[in-house]
2 protein chains.
Amino acid sequence: MDKTIGIFGGGQLGRMMAQAALPLNIQCTFFEANTDCPSAALGPVYSAKAENGLSEFIASADVFSLEFENTPLADVDVLTKNKTLHPPRQALAIAQHRLSEKALFDELAIPVAPYKAVTSLEQLKSAAAELGLPLVLKTSRGGYDGKGQFVLRSEDQMDQAWAELGPAGELIAESFVTFSREVSIIAVRGQNGDVKTWSLAENHHHNGILSHSIVPAPNSADLQPVAQDYITRLLNHLNYIGVLTLELFVTDKGLYANEMAPRVHNSGHWSIEGAVCSQFENHIRAVAGLPLGSTAVVRPTVMVNIIGLHPKTADVLALEGAHLHLYNKSEREGRKIGHITLMPNDSAELTALCRQLAKILPNPLALSEDMTI
Amino acid sequence: MDKTIGIFGGGQLGRMMAQAALPLNIQCTFFEANTDCPSAALGPVYSAKAENGLSEFIASADVFSLEFENTPLADVDVLTKNKTLHPPRQALAIAQHRLSEKALFDELAIPVAPYKAVTSLEQLKSAAAELGLPLVLKTSRGGYDGKGQFVLRSEDQMDQAWAELGPAGELIAESFVTFSREVSIIAVRGQNGDVKTWSLAENHHHNGILSHSIVPAPNSADLQPVAQDYITRLLNHLNYIGVLTLELFVTDKGLYANEMAPRVHNSGHWSIEGAVCSQFENHIRAVAGLPLGSTAVVRPTVMVNIIGLHPKTADVLALEGAHLHLYNKSEREGRKIGHITLMPNDSAELTALCRQLAKILPNPLALSEDMTI
């Protein structure tokens with residue numbers, strides 16, 4: 001192997017990074033509490049529970065990255081005494097703290113929904129008075145897939161909302177944004193400052209979990225350059241190296257930034273087949289200091305998540321042109337255990353494929369609707 | 001993991017099979033003399049040199065296949081007492097013996113160049129008298145990448161040819177076929193008898209080693225159905241399961257079969273990016289009893305071998321749209337250590353990319369010519 005990249009985390013994102021790294025003769029190592037994780041098929045996993053786990057992990061690689069946005073900053077600080085992490089610590093720190101993230105969006109003139117910091121029930125009441133109801137109360141730290149959130153629709157939910165989320169520390173109250181759809185933009189920045197951006201993904205959720213993404217997002221020609229501009233501001237400001245994701249709401253006032261993830265993203269899984277160079281390969285290229293690959297779309301693509309329960313592999317593979325990616329994870333409610341990529345020729349074919357898929361998937365989530373590509 | 005497939009061999013073909021198997025939750029194990037082989041990154045390697053290597057390998061998997069066409073039949077016979085091998089033993093036995101292979105082609109009315117069996121200098125002389133010169137003398141067993149062959153151009157080379165190849169046992173003398181180009185057809189047959197065929201590859205060699213393949217082979221619309229018919233006859237006759245390759249010469253009398261390989265093939269590496277479903281994934285699907293994927297071409301593709309010496313990774317990745325596949329092999333003259341996939345829009349772009357590549361590759365082989373796609 002020519003180089004070794006150490007990855008904080010060992011889930012499916014690390015697994016798919018390592019799959020992309022292998023043909024470049026780049027080996028990955030992982031740091032993860034569960035050593036029997038999805039990434040374990042592709043490289044050694046150093047246990048985050050073992051006494052010398054971190055120091056052994058740090059010794060195992062030339063350069064480091066992450067697939068887990070809640071990687072403890074304390075671990076990063078031990079690492080960066082001797083080794084380099086891409087993306088930079090600052091990006092991670094900001095992404096771990098919603099209020100810092102909003103402040104950065106403000107600083108870079110990236111529009112966000114009106115928000116207020118909330119650290120007491122009184123502040124929550126005054127935020128509600130100022131922003132109006134409904135509003136979304138979120139913990140500033142932690143929270144993903146719709147967890148750590150409370151949608152406050154009436155005054156009499158105030159105490160309940162505070163009781164549920166107050167103990168989590170700093171909160172953020174956001175205006176409830178009326179949006180027509182949610183999109184995400186993913187970009188990569190290389191060590192020479194090159195930036196490449198994939199096409200916008202249109203993301204559909206079910207109970208707070210991503211159900212499927214359509215790329216390019218339909219009717220997004222006007223939105224693409226705007227989103228591209230926003231993410232480029234973030235990448236350059238942070239002197240970022242690697243893949244960054246920005247989730248956005250499409251509103252009648254334009255795009256509002258929701259949050260960023262300092263890593264490859266579920267809404268970018270389509271790029272394995274659908275783009276010339278995938279988010280995983282380009283992340284590895286950036287971290288390894290190699291030239292970036294083209295992010296051009298090969299063909300419109302739909303990525304469908306497999307949540308909780310496995311479909312029959314044979315049923316999925318019988319679908320015309322379907323690609324299956326399983327993560328070797330055990331079944332559990334709400335858990336992402338794989339995804340399926342479809343590359344239909346038109347909306348009619350997409351709708352037909354998705355209807356077939358909805359019958360095959362134990363958890364079809366939001367898939368039964370008519371779909372547009 | 002849902003299933004384990006044991007592979008005889010552990011080279012780059014096994015490595016790429018295992019890469020395709022991983023997202024289907026299929027684990028591969030390998031049987032190979034050198035346990036530090038290219039496949040070792042993706043699964044356990046059982047040593048062909050160890051006393052219990054074969055029995056441990058046989059115990060390691062549910063179903064078996066191969067990436068090495070010279071897999072000893074004795075090993076296969078031990079395996080098939082208790083476990084199943086795809087493709088069938090008979091296909092392997094025939095492919096290991098050129099005379100049996102020619103006899104099978106004759107039986108299935110697949111045209112071949114006129115040939116004679118040769119087991120003595122006298123037979124060689126009478127073959128030369130009957131077939132005329134030049135002729136190609138080949139060993140019936142072993143030999144690849146141009147080894148084990150002698151092109152006999154004049155009567156006075158008779159003794160030298162016999163001295164070189166005679167000790168190898170049974171020989172075959174073939175008419176020297178005047179061909180305009182060499183192509184290969186790759187097909188896969190599933191456990192339900194389904195057959196899917198990829199587009200013909202046009203193969204360019206340098207000193208007997210494959211330099212590059214162009215897919216679809218230019219101007220091959222007439223040849224494709226003929227080649228497809230030939231390989232389908234072979235697959236059905238052999239009750240074959242998995243990927244089979246048939247090398248063919250394009251002559252003014254039509255296609256002549258050269259030889260078959262009962263496995264995925266170097267001239268099919270383009271299919272990783274260039275086809276909807278690659279030769280590696282479809283081979284794994286077939287061996288695992290899963291439905292086959294589409295073999296349709298995504299886009300015309302050129303695969304270029306990296307022979308002997310590595311180019312700089314950064315130089316290759318800087319080429320627009322280039323995909324790099326390294327096999328984690330050490331450098332050695334004439335050794336296949338990686339390949340590069342290019343997906344140009346037209347012949348001009350291809351020629352330009354290949355000229356750039358010819359400068360980057362330490363061994364550009366046959367790449368400096370103008371090229372057509």
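Shown above is the structure to which this text applies.
On a predicted model such as this, the values are computed, not experimentally measured, just so you know.

Student: Teacher, can you tell me more about the sheet that holds strand E2 (residues 26–32) of chain B here?
Tutor: What links the strands of a sheet is backbone hydrogen bonding, and the strands pair in either a parallel or an antiparallel sense. Residue and element names in this part refer to chain B. Here we have four strands laid out as an open sheet, ordered E3-E2-E1-E4, and parallel in their pairing. Of all strands in the sheet, those bounded by a partner on one side alone are strand E3 (45–47) and strand E4 (63–66). Strand-to-strand twist of the sheet, defined as the mean angle between neighbouring strand axes without regard to direction, takes the value 25°. Relative to E3, E2 runs parallel, the two being bridged by three bridges. Of the residues in E3, the one forming a bridge with glutamate 32 is serine 47.

Student: Looking at this model, I keep getting lost on the nonpolar core. Mind explaining?
Tutor: In a soluble, globular protein the nonpolar side chains are often hidden away together inside. Formed by 118 residues in total, the largest nonpolar core has its most connected members in Ile340 and Leu342 of chain A together with Ile340 and Leu342 of chain B. Not counting the four nearest positions on each side in its chain, leucine 342 of chain A is found in contact with Pro300, Thr301, Val302, Val304, Ala322, Leu353, Cys354 and Leu357 of chain A.

Student: Is there a simple way to think about the pairing of strand E12 (residues 209–215) of chain B in this case?
Tutor: Each regular strand carries side chains that alternate between the two faces of the sheet. Residue and element names in this part refer to chain B. Among the seven residues in E12, seven count as buried, and that is most of the element. Hairpin connection from strand E11 (residues 201–206) to E12: two residues lie between these consecutive antiparallel strands, with asparagine 207 at a positive phi of about 50°. With four bridges joining them, E12 and strand E15 (residues 301–307) adopt antiparallel strand pairing. Note that in E15 the partner of isoleucine 214 across the bridge is valine 302.

Student: Mind showing me how you'd approach the interface of chain B and chain A here?
Tutor: The parts lose accessible area when they come together, and the size of an interface is often stated as this lost area. The partner chain A presents 32 residues to the 32 residues of chain B that form the contact. Both sides of the chain B and chain A interface together cover about 2,700 Å² of buried area, and 56% of this is carbon and sulfur. The largest per-residue losses of area from chain B upon contact with chain A belong to Leu22, Pro23 and Leu317 of chain B, which jointly make up 19% of the total buried on that side. If you look at where chain B meets chain A, you find zero salt bridges. Between the two partners, chain B and chain A, sit twelve residue pairs in polar contact (both at pLDDT 80 or more). The set of elements that each furnish at least two residues to the side of chain B that touches chain A consists of helix H1 (12–21), helix H10 (279–287), helix H11 (313–317) and strand E16 (323–326) of chain B. Counting residues per element, the side of chain B that touches chain A draws most heavily on E16 of chain B, at four residues. Split into classes, the residues belonging to the side of chain B that touches chain A amount to 18 nonpolar, nine polar and five charged.

Basis of the calculations
- Residues numbered from 1 in each chain as written.
- Chains lettered and ligands numbered in written order.
- Predicted model: local features only at pLDDT ≥ 70, side-chain atom pairs only at ≥ 80, totals over all residues.
- Heavy atoms only, no water.
- Pairing = 2+ DSSP bridges.
- Helix = DSSP H or I, 4+ residues; strand = E, 2+ residues; numbered from the N terminus.
- Axes fitted to C-alpha atoms, helices over the stretch in contact; angles between N-to-C directions.
- Core = buried A, V, L, I, M, F, W, Y, C linked by side-chain atoms within 4.5 Å.
- Buried < 20%, exposed > 50% of the residue type's maximum accessible area, 1.4 Å probe, protein only.
- Contact = heavy atoms within 4.5 Å.
- Buried area = accessible area lost by both parts, 1.4 Å probe.
- Salt bridge = Lys/Arg side-chain N within 4 Å of Asp/Glu carboxyl O.
- Polar contact = N/O pair within 3.5 Å; in protein donor to acceptor, adjacent residues only side chain to side chain.
- Nonpolar A, V, L, I, M, F, W, Y, C, P; charged D, E, K, R; others polar.

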